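# Residue-level structural notes
So you can see what is in the structure, the chains are spelled out below.
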Amino acid sequence: MSDIAEIKIGGQTFEFPVITGTEGEKAIDISKLRDLTGYVTLDSGFKNTGSTKSAITFLDGELGVLKYRGYAIEELAEKSSFLEVTYLLIYGKLPTQSELDNFQNTISRHTLIHEDMKKFLDGYPSKSHPMAQLASLVCSLSTFYPESLKANSSKEELDLTMIKLLAKFPTIVSFIYKKSLGHPLIYPKNKYDYVTNFIHMIFGQRTEEVEIDPVVVNAMNTLLILHADHEQNCSSSTVRIVGSSDCNIYASVSAGISALWGPLHGGANQAVIEMLELIKADGGDTEKWINKAKDKNDPFRMMGFGHRVYKNFDPRAKIIKKACDDVLNKLGINDPVLEIAKKLEEAALSDPYFIDRKLYPNVDFYSGIIYRALGFPTDMFTVLFALGRLPGWIAQWKEMHENNEPIGRPRQIYVGDVDQKFVPINER
Ligand code: CMC
């Protein structure tokens, strides 16, 4: 088979190399297109455009495959811990026990945040969204660590910055949460592993030692692993494009947090629960809401359904659905919205509208029900997604730097007015 693609423009034929990824994906390398032809490509929403070559995550949307560094998500979710997956994504290999211990110990030494950062928390209105606080607090880390602003730091300095970000992120999340409740802040405990420490800071109390439920820690590990990376999605592409200007990692990740916030991306987990609650309050008529989602004159969309890349099933959703049943059983919780979710899923999966458009439940359809069972309020759900996605953002930022990728700067097709004659303001 030819490894050359031909493009014909105005009777002339131009040749472009075809490149093949390690999993067999094919792409036409059009990096010389404009130089050779004067043309650019137009691909709104980048539906067909590869922005980079990456060795971090592979997914096949038709077959429902997701792998981090070549390891199947199903196996990682079942057999590894979130910190192991974090190491895998960032450093490219599974850690040995001593590498993992060392990683955990180094992170534990950096979990505190500067006490002055608590003053920012005091400044936010009491009901402000935690994602807004998270984005600004993570960006603010760069003001406390000015060494992170240097574009060309040494490998060791960069590594320490990544460790600090990993270490301080759960502390920031927990401080945002505790502050929203008006409760005293709970400080990290270095005797705990990464996820247990997070649960301790979220559900711990100053007054007494709170027992940490392993069911909660296990569920949290699974959820965080499932969210840890997803190749060039909206927020990861944002992190890479912001970082491509040599912007520091705190500011780049902060931009990723903002990108994640929207309900079409990470904000869907909050939107799903709000939707299920709405349907429940409306009497639980799932058919009515399915019809609303199908009606093109109705802005309502079935949140937690559909995916830009998965067109068969989302492998994360399969794992989460099972985890959801397990967690609710183990914690003895009977959540009425779970029944509505299952009815909606059943009805949608047999409806031609959803079948024809290949709309299946995505990772966020059931994650909110688990977060709720674990005791998190709805507006914290997307923050938990961000905590899970952090290693992916870091790995994407690191890879982009190590590959010396150029500054991200798409082209456009200008369709505005041309050659207007300026009219002074008093004559308009
Ligand atoms: N409910 C009803 N119709 C839908 C939905 C939905 N959730 N999603 C897509 N469609 C329809 C859409 O109206 C369009 O129909 P038509 O061809 O008749 O115009 C068709 O399906 C294709 O939709 P699209 O918007 O062109 O697809 P996209 O790839 O641009 O968008 C999506 C993908 C995830 C933004 C979209 O499916 C959606 O809005 N889903 C709900 C939000 C959601 O759950 N997001 C979380 C994604 S998973 C977490 C993450 O990784 O971010």
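Just above sits the structure.
Residues numbered from 1 in each chain as written. Predicted model: local features only at pLDDT ≥ 70, side-chain atom pairs only at ≥ 80, totals over all residues. Heavy atoms only, no water.

### Brief notes about the site of the ligand
Around the ligand, 22 residues are found, and the nearest of them are His 265, Arg 301, Met 302, Gly 304 and Arg 308. Separating an oxygen atom of the ligand from a side-chain N or O atom of Arg 301 is a distance of 2.7 Å. Contact between the ligand and Arg 357: an oxygen atom at 3.0 Å from a side-chain N or O atom of the residue. Across the complex, the protein chains shield 78% of the 940 Å² of accessible surface that the ligand would expose by itself. Of the residues belonging to the shell around the ligand, the class tally is 10 nonpolar, six polar and six charged. (Near = heavy atom within 4 Å. Polar contact = N/O pair within 3.5 Å; in protein donor to acceptor, adjacent residues only side chain to side chain. Areas by Shrake-Rupley, 256 points an atom, 1.4 Å probe, with all protein chains shown as cover. Nonpolar A, V, L, I, M, F, W, Y, C, P; charged D, E, K, R; others polar.)

### Topic: the sheet that holds strand 6 (residues 71-72)
Overall, antiparallel pairing links the three strands, which are arranged 4-5-6 in an open sheet. Lying at the two open borders of the sheet, with one neighbouring strand each, are strand 4 (57-60) and strand 6. Pairing analysis gives two bridges linking strand 5 (residues 65-68) to strand 6, with the strands arranged antiparallel. Residue Tyr 68 lies in a different strand from strand 6, and its bridge partner there is Tyr 71. (Pairing = 2+ DSSP bridges. Helix = DSSP H or I, 4+ residues; strand = E, 2+ residues; numbered from the N terminus.)

### Describing the side chain of Thr 196
In this fold, Thr 196 is placed in helix 8 (residues 194-203). If sequence neighbours within four positions are ignored, Thr 196 has contacts with Ile 212 and Val 217. (Contact = heavy atoms within 4.5 Å.)

### Here we look at the pattern of salt bridges
Taken as a whole, this structure holds 21 salt bridges when the rule is applied. Glu 23 is paired through a salt bridge with Lys 67; the nearest N and O atoms lie 2.9 Å apart. Here the residue Glu 23 occupies a position in the loop between strand 2 (12-20) and strand 3 (26-28), and Lys 67 occupies one in strand 5, the gap between them amounting to 44 residues. Glu 23 sits in the partly exposed class, given a relative accessible area of 38%. For Lys 288, the salt bridge is made with Asp 282, and the minimal N-O distance between the two is 2.7 Å. Classification of Asp 282 as partly exposed rests on a relative accessible area of 35%. (Salt bridge = Lys/Arg side-chain N within 4 Å of Asp/Glu carboxyl O. Buried < 20%, exposed > 50% of the residue type's maximum accessible area, 1.4 Å probe, protein only.)

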